[in-house]
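Understanding the architecture of this molecule
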Amino acid sequence: EKVQTLNTLVQTMLEEGQISEDEKPSVLENLRKRRDAAKAADKVKLCEKLDRHMDCVVKAKLWILPIPNVEEINLLHKSLECITILEKTPTQEFHRRRTPGNKGEAFRRCSHKGCREKELHVV
């Protein structure tokens, strides 16, 4: 019963083209191997079914897996990139040419990545 439910879900995903670009090559390879094995065993109906699945996968448009909180993840990723830039910056760089209106060269380099001094808690 569980296997049948799983097979139905997989079949629905294939028919609806819910395959990401990263998954496409491995799914096609798996379907080809299964089809070749079915041909060797003279299983005509299974071959036809696997051919239909392969056609669906090949014709599938770009499908992007929905990710909850993607905006928040993106902001965290940008902050992490900025932290990486700041980690590689020599300490004296933070103090050089720093005035009330000028945050210094290190902050200018990472500000284009969405970094904010208050987010990083750097003084």
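Data block above holds the structure.
Residues numbered from 1 in each chain as written. Predicted model: local features only at pLDDT ≥ 70, side-chain atom pairs only at ≥ 80, totals over all residues. Heavy atoms only, no water.

This next bit is on the packing of helix α1 (residues 2-15) against helix α3 (residues 44-59). At a minimum axis separation of 8 Å, α1 and α3 run at an interaxial angle of 45°. Relative to α3, the element α1 lies oblique. Across the interface between the two elements, Q11, L14 and E15 of α1 pack against K49, H53, C56 and V57 of α3. Per-class residue counts for the contact of α1 with α3 are three nonpolar, two polar and two charged. (Axes fitted to C-alpha atoms, helices over the stretch in contact; angles between N-to-C directions. Helix = DSSP H or I, 4+ residues; strand = E, 2+ residues; numbered from the N terminus. Parallel < 35°, antiparallel > 145°, perpendicular 65-115°, else oblique. Contact = heavy atoms within 4.5 Å. Nonpolar A, V, L, I, M, F, W, Y, C, P; charged D, E, K, R; others polar.)

Not every positive phi belongs to a glycine, and D42 is a case in point at roughly 55°. Classification of D42 as exposed rests on a relative accessible area of 65%. (Buried < 20%, exposed > 50% of the residue type's maximum accessible area, 1.4 Å probe, protein only.)

Together, L65, I67, V70 and I73 make up a nonpolar patch on the protein surface, roughly 360 Å² of accessible area in all. Relative to the helices and strands, L65 resides in the loop between α3 and α4 (70-88). Taking relative accessible area as the criterion, L65 reaches 53% and is therefore assigned exposed. (Patch = residues over 30% accessible without salt bridge, like charges linked within 9 Å, V, L, I, M, F, W, Y side chains within 5 Å. Areas by Shrake-Rupley, 256 points an atom, 1.4 Å probe, with all protein chains shown as cover. Salt bridge = Lys/Arg side-chain N within 4 Å of Asp/Glu carboxyl O.)

This part covers the layout of surface pockets. By volume, the largest pocket is sized at about 260 Å³. Residue lining of the largest pocket: 13 residues in total, with V10, Q11, L14, L31 and R34 positioned closest to the centre. Among the secondary structure elements, those contributing two or more residues to the lining of the largest pocket are α1, α2 (24-40) and α3. No other element matches the five residues that α1 contributes to the lining of the largest pocket. (1 Å grid on protein atoms, 1.4 Å probe; cavity = no way out; pocket = protein on both sides within 12 Å on 5 of 7 lines; lining within 4 Å. Points joined across faces, edges and corners; volume = space filled by probe spheres on them.)

In short, shape yes, function no, at least from these values alone.
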